[in-house]
Amino acid sequence: MYQNYSNIEYVKPAGLDLKDRLVAVQRVTKVTKGGRAFGFSAIVVVGDENGVIGQGLGKSKEVPVAISKAIEDAKKNLVRIPIKNGTLPHEQKGKYGGGRVFLKPASDGTGVIAGGAVRAVLESVGVRNVLSKSQGSSNAHNVVKATFDALLQLRSPETVASQRGVSIDKVFNG
């Protein structure tokens, strides 16, 4: 699902205490010659609030079925995100379609300064202090995927140190 990222660590759902969070449910309509056929599309985020997160999309004629399909889809796409002391290791921008998201680490006590879909994703991954700005499209699907784009681009201090060939102290004090 996530092809363009070099540092993705996929995670198996077994043994994780995953909590699901419904982001949005949309009613969709298919116009046929016999009239309108209604269905539902649900987007769900699952996470263990400790760095593991996944997102999924489910579609069905009934809302509960769409939500359960979305949860199953999300559990198939779990990835690990580097989180340090309840916040992000560095600033990051993400985009998907018309949705753009900017995430910035924050000091202890700040809380999750984010709205709607971004908040659901960040709380599910376990970020407790962050500043964010969502720009462009407010479509929940695009915003969730833009937030994932930003999170998947994050690199831990250990990764940065090994890529540069220096010690971790040099990354922070260099």
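Here the residue numbering is sequential within each chain, running from 1 through the sequence in written order. Only residues with pLDDT of 70 or above have their local features reported here, since the model is predicted, and side-chain atom pairs are shown and tallied only from 80 upward, although totals for entire chains, interfaces and linings are computed over all residues. Calculated side-chain values reflect all of the structure's heavy atoms, with hydrogen atoms and water omitted.

Caption draft 1: Highlighting the overall build of the protein. Broken down by element type, the protein carries 5 helices and 8 strands. Secondary structure of the protein in N-to-C order comes out as β-β-β-α-β-β-β-β-α-β-α-α-α. In terms of its C-alpha atoms, the protein occupies a principal-axis envelope of roughly 70 × 35 × 30 Å. Counting across all 174 residues of the protein, residues that qualify as buried make up 41%. For accessible areas, the Shrake-Rupley method is used with a probe of radius 1.4 Å. Any residue's cover is judged against the shown protein chains and nothing else. Surface exposure of the protein reaches about 9,600 Å², of which carbon and sulfur atoms provide 48%. Computing the positive centroid from 25 side-chain charges and the negative centroid from 14, the protein places the two 10 Å apart. The secondary structure listing takes helices from DSSP runs of H or I that are at least 4 residues long and strands from runs of E that are at least 2 residues long, numbered from the N terminus. The rule is simple: take the accessible area with a 1.4 Å probe, protein chains only, and divide by the maximum for that residue type; under 20% is buried, over 50% is exposed, in between is partly exposed. Neither His nor the chain ends is counted toward charge; the positive residues are Lys and Arg and the negative residues Asp and Glu. Where a charge lies is defined by one atom per residue type, namely NZ (Lys), CZ (Arg), CG (Asp) and CD (Glu).

Caption draft 2: How the structure looks around the nonpolar core. Throughout, nonpolar core names a set of buried Ala, Val, Leu, Ile, Met, Phe, Trp, Tyr and Cys residues whose side chains join them through atoms within 4.5 Å. Ranked by size, the top nonpolar core spans 28 residues in total, and within it Ile 53, Ile 81, Leu 103, Leu 122 and Leu 151 carry the most contacts. Contributions of two or more residues to this core are made by strand 2 (35-47), strand 6 (99-105), helix 2 (116-125) and helix 3 (140-152). Note on contacts: a residue pair qualifies if any of its non-hydrogen atoms lie within 4.5 Å across the two residues. With residues near it in sequence (within four places) discarded, Ile 53 still touches Val 45, Val 46, Gly 47, Asn 77, Leu 78, Val 79, Ile 81, Val 121, Ser 124, Val 125 and Phe 148.

Caption draft 3: How the structure looks around the sheet that holds strand 8 (residues 130-136). For two strands to be treated as a pair, DSSP must find no fewer than two bridges joining them. Sheet architecture is open: 4 strands sit in the order 5-6-8-7, paired in mixed fashion. A single partner strand is all that each edge strand has here, and the edge strands are strand 5 (92-96) and strand 7 (112-113). Those strands touched by helix 3 are strand 5, strand 6 and strand 8, and its axis lies near 140 degrees from that of strand 5. Fitted lines through C-alpha atoms give the axes, limited to the stretch in contact for helices. The angle between two N-to-C directions lies from 0 to 180 degrees.

Caption draft 4: Quick look at unusual backbone geometry. Despite not being glycine, Glu 49 has its phi angle at roughly 60 degrees, a positive value. Inspection of the secondary structure puts Glu 49 in the loop between strand 2 and strand 3 (52-60).

Caption draft 5: Layout of helix 2. A large share of helix 2 lies buried, amounting to 7 of its 10 residues. Just past helix 2, the residue Gly 126 takes up positive phi, approximately 105 degrees.

Caption draft 6: How the structure looks around the packing of helix 2 against helix 3. Their axes nearest at 8 Å, the elements helix 2 and helix 3 cross at an angle of 40 degrees. With respect to helix 3, the element helix 2 is oriented oblique. In the crossing of helix 2 with helix 3, the sense of the turn from one axis to the other is right-handed. Contacts from Ala 117, Val 118, Val 121 and Leu 122 of helix 2 reach helix 3 at Ala 140, Val 143, Val 144, Thr 147, Phe 148 and Leu 151. The nonpolar class holds Ala, Val, Leu, Ile, Met, Phe, Trp, Tyr, Cys and Pro. Asp, Glu, Lys and Arg form the charged class, and all remaining residues, Gly among them, are polar. Looking at the contact of helix 2 with helix 3 residue by residue, the classes come out as 9 nonpolar, 1 polar and no charged. Angular relationships are summarised with four words: roughly parallel below 35 degrees, roughly antiparallel beyond 145, roughly perpendicular across 65 to 115, and oblique for the angles in between. Left-handed describes a crossing whose near helix is turned anticlockwise from the far helix through less than a right angle; right-handed describes the clockwise counterpart.

Caption draft 7: Representation of the pattern of salt bridges. Salt-bridge detection follows one rule: a side-chain nitrogen of Lys or Arg within 4 Å of a carboxyl oxygen of Asp or Glu. Applying the stated criterion across every chain yields a total of 4 salt bridges. Taking the shortest distance from any N to any O, the salt bridge between Glu 49 and Arg 21 comes out at 3.6 Å. Pair noted here: Glu 49 is in the loop between strand 2 and strand 3 and Arg 21 is in strand 1 (residues 19-32), with a separation of 28 residues, a long-range link. Classification of Arg 21 by relative accessible area gives partly exposed; the value is 26%.

Caption draft 8: The sheet that holds strand 2, seen in detail. The strand order across the open sheet built from 4 strands is 1-2-3-4, with neighbouring strands paired in antiparallel fashion. Since the sheet does not close on itself, it has two edges, and those belong to strand 1 and strand 4 (79-80), each with one partner. Direction of pairing for strand 3 relative to strand 4: antiparallel, over a ladder of 2 bridges. In the sheet register, Val 52 faces strand 4, and the bridge partner there is Arg 80. Packed onto the sheet, helix 3 meets strand 1, strand 2, strand 3 and strand 4 and runs at close to 155 degrees relative to strand 3.

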